[in-house]
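The chain contents come next:
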Amino acid sequence: MPTERTHADACPGAIDVHPAADGGLARIRVPGGTLTKVQFRAIVTASAELGDGQLELTSRANFQIRGLADGAQFELGDRMAEAGLLPSLTHERVRNIIAAPLSDDTQAVVDALDRAICATPELADLPGRFLVTVGAEVAGLGADIGLVDDALLLAGRDTGLRVDDPVAAVVEAARIFAAERGTAWRLAEVPDLVARITAALGTPTASPGTVGTTPPPPGPAGDRFVVGAPLGRLDARQAAALAGFPVRLTPWRGLVLPGSPDLTGLGLITDPDSPWHGVTACTGRPGCAKSLADVRTDARNWLGTPHTRPVHWAGCARRCGRPSGDVIEFVATGDGYEETS
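Residues numbered from 1 in each chain as written. Predicted model: local features only at pLDDT ≥ 70, side-chain atom pairs only at ≥ 80, totals over all residues. Heavy atoms only, no water.

A. Structural view of the packing of aromatic side chains. Per the counting criterion, the structure on display carries six aromatic pairs. Relative to Y337, the ring of W313 lies with its centre 5.0 Å away and its plane at 80°, an arrangement referred to as edge-to-face. On the criterion of sequence distance, the pair formed by W313 in strand β17 (residues 311–314) and Y337 in strand β19 (residues 337–340) is long-range, its members being 24 residues apart. Judged by its relative accessible area of 5%, W313 is buried. Taking the ring centre of W185 as reference, the NZ or CZ of R129 above it sits at 4.1 Å. (Phe/Tyr/Trp six-rings, centres within 6.5 Å; stacked < 30°, edge-to-face > 60°. Helix = DSSP H or I, 4+ residues; strand = E, 2+ residues; numbered from the N terminus. Buried < 20%, exposed > 50% of the residue type's maximum accessible area, 1.4 Å probe, protein only. Lys NZ or Arg CZ within 6 Å of the ring centre and 35° of its normal.)

B. Broad picture of the pairing of strand β10 (residues 157–162). Here strand β9 (residues 151–154) runs beside β10; their pairing, made up of three bridges, is antiparallel. Note on β10: the bridge partner recorded for A151 is R162. In this antiparallel pair of consecutive strands, β9 and β10, the connection spans two residues, and A155 shows a positive phi of 55°. (Pairing = 2+ DSSP bridges.)

C. The arrangement of a negative patch on the surface in detail. Together, D105, E137, D149, D150, D164 and D165 give the surface a local cluster of negative charge. By the secondary structure assignment, D150 is in the loop between β8 (145–148) and β9. (Patch = residues over 30% accessible without salt bridge, like charges linked within 9 Å, V, L, I, M, F, W, Y side chains within 5 Å. Areas by Shrake-Rupley, 256 points an atom, 1.4 Å probe, with all protein chains shown as cover. Salt bridge = Lys/Arg side-chain N within 4 Å of Asp/Glu carboxyl O. Lys, Arg positive; Asp, Glu negative; His and termini not counted. Charge placed at Lys NZ, Arg CZ, Asp CG, Glu CD.)

D. Region of interest: the nonpolar core. Counting residues in each nonpolar core, the largest one holds 37 residues, and the members touching the most others are F63, L234 and L255. Looking at which element gives the most residues to this core, the answer is helix α1 (residues 37–50), with six residues. Once residues within four sequence positions are removed from consideration, F63 is found in contact with A26, R27, I28, L35, F40, I43, L55, E56, L57, L234, L249 and L255. Of all hydrophobic cores here, the second largest spans 33 residues; its members include L147, V163, V171 and L187. (Core = buried A, V, L, I, M, F, W, Y, C linked by side-chain atoms within 4.5 Å. Contact = heavy atoms within 4.5 Å.)

E. Region of interest: the packing of helix α3 (residues 107–118) against helix α4 (residues 166–180). Across the interface, α3 lies against α4 with an axial gap of 10 Å and an inter-helix angle of 40°. Here α3 lies oblique to α4, going by the angle between them. With respect to the hand of their crossing, α3 and α4 are arranged in right-handed fashion. Note on element contacts: α4 touches α3 through V167, V170 and V171, opposite V109, A112, L113, A116 and I117. Considering only residue class, the contact of α3 with α4 consists of eight nonpolar, no polar and no charged. (Axes fitted to C-alpha atoms, helices over the stretch in contact; angles between N-to-C directions. Parallel < 35°, antiparallel > 145°, perpendicular 65-115°, else oblique. Left-handed = near helix turned anticlockwise from the far one by under 90°. Nonpolar A, V, L, I, M, F, W, Y, C, P; charged D, E, K, R; others polar.)

F. Representation of the side chain of R248 in the model. Along the chain, the position of R248 falls in strand β14 (residues 247–250). D104 provides the closest opposite charge to the buried, salt-bridge-free R248, at an N-O distance of 5.9 Å. A polar contact is formed between the side chain of R248 and the side chain of Q107, at a distance of 3.3 Å. Beyond its immediate chain neighbours, meaning those up to four positions away, R248 contacts G32, G33, T34, A99, A100, P101, S103, T106, Q107, G254, L255 and V256. (Polar contact = N/O pair within 3.5 Å; in protein donor to acceptor, adjacent residues only side chain to side chain.)

G. Spotlight on the pattern of salt bridges. Enumeration according to the criterion identifies 16 salt bridges in this entry. The shortest N-O distance in the salt bridge between R233 and E56 comes to 2.5 Å. Of this pair, R233 sits in strand β13 (residues 233–234) while E56 sits in strand β4 (residues 55–57), and the two are 177 residues apart along the sequence. Exposure remark for R233: the relative accessible area of 16% places this residue in the buried category.

H. Broad picture of the side chain of E56. On the basis of relative accessible area, E56 is assigned to the buried category, the value being 5%. At 2.7 Å, the side chain of E56 and the side chain of Q64 are in polar contact. Here R66 takes part through its side chain, which lies 3.4 Å from a polar atom of the side chain of E56. Ignoring any residue separated from it by four or fewer positions in sequence, one finds E56 in contact with L25, N62, F63, Q64, R66, G232, R233, T283 and R296.

I. The sheet that holds β19, seen in detail. The mixed open sheet is built from four strands, whose spatial order is β16-β17-β18-β19. Each edge of the open sheet carries a strand with a single partner, namely β16 (279–281) and β19. Strand-to-strand twist of the sheet, defined as the mean angle between neighbouring strand axes without regard to direction, takes the value 15°. Running over the sheet, helix α7 (residues 295–302) touches β16, β17, β18 (328–332) and β19 and is turned about 145° from β17.

Bear in mind that shape data such as this cannot, by itself, settle questions of function.
Listed below in structure tokens is the structure:
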């Protein structure tokens, strides 16, 4: 039987916002992470005029706006639709597609997938946690469905299937999950569904390949530049300074900018040796009512402690925002932190 959930999926969207302790929380989904200069400026301006002026980068390469007043989500929705960032009201929360951020050939596939998903009515009720990845560099992020060229991945594993029409294969796999998931949020939660989807789509013709991730470090990357945001958040000054660029968001809470921009004095992560590199945190107090600690302040006070692996600070056992993979965690307990590794 599929996993039984006792509460509804509450992932926020651009209109269906989450009522956080610091105001409405909206999530702007950016399939593939690619934003034109006009689109990025629209998000920055909306945060400045409707929210608290900051932007949170998520582990799915999306943006979050916090501090929205009650009712501001309708103005936000209008602005995002005008910028081309809200093509479907019915499918708004299910447009979760991560792409390899330094690849030049993944965004076209993402765009085709996004159009196909939005054009399939039965996929409108997919959970907000359902995830698709495109590209080898992001294949290890635990997606429900992944593509690496013509290889189809299910529940984070290469099935051995090689498909002629990758977009159609992803849509069909998602349709099968939508029909059989019950209250499950992720494909892996439904017993035997990976095998059933594989059998429905064809016969494996290849040996399953290795699945992993390749996070780009901060700094120059060919004709582009990778920059990180401390604790995954751009403050109002940083957001305004970057608003003149087209960007591509990464699932490691970074941005890829064109050229070699001068980012001096902005406090951004531009060097892999930065003490901020690899350190993330949830919102914590006072923004989240469920948090047991002000994790961002505690993370800043901890900064400078040597670490060789990613470190995540969480305000409660839900561990919101935890990166994939091998991570050191500091989880607030109400009486200090529990460290796990």
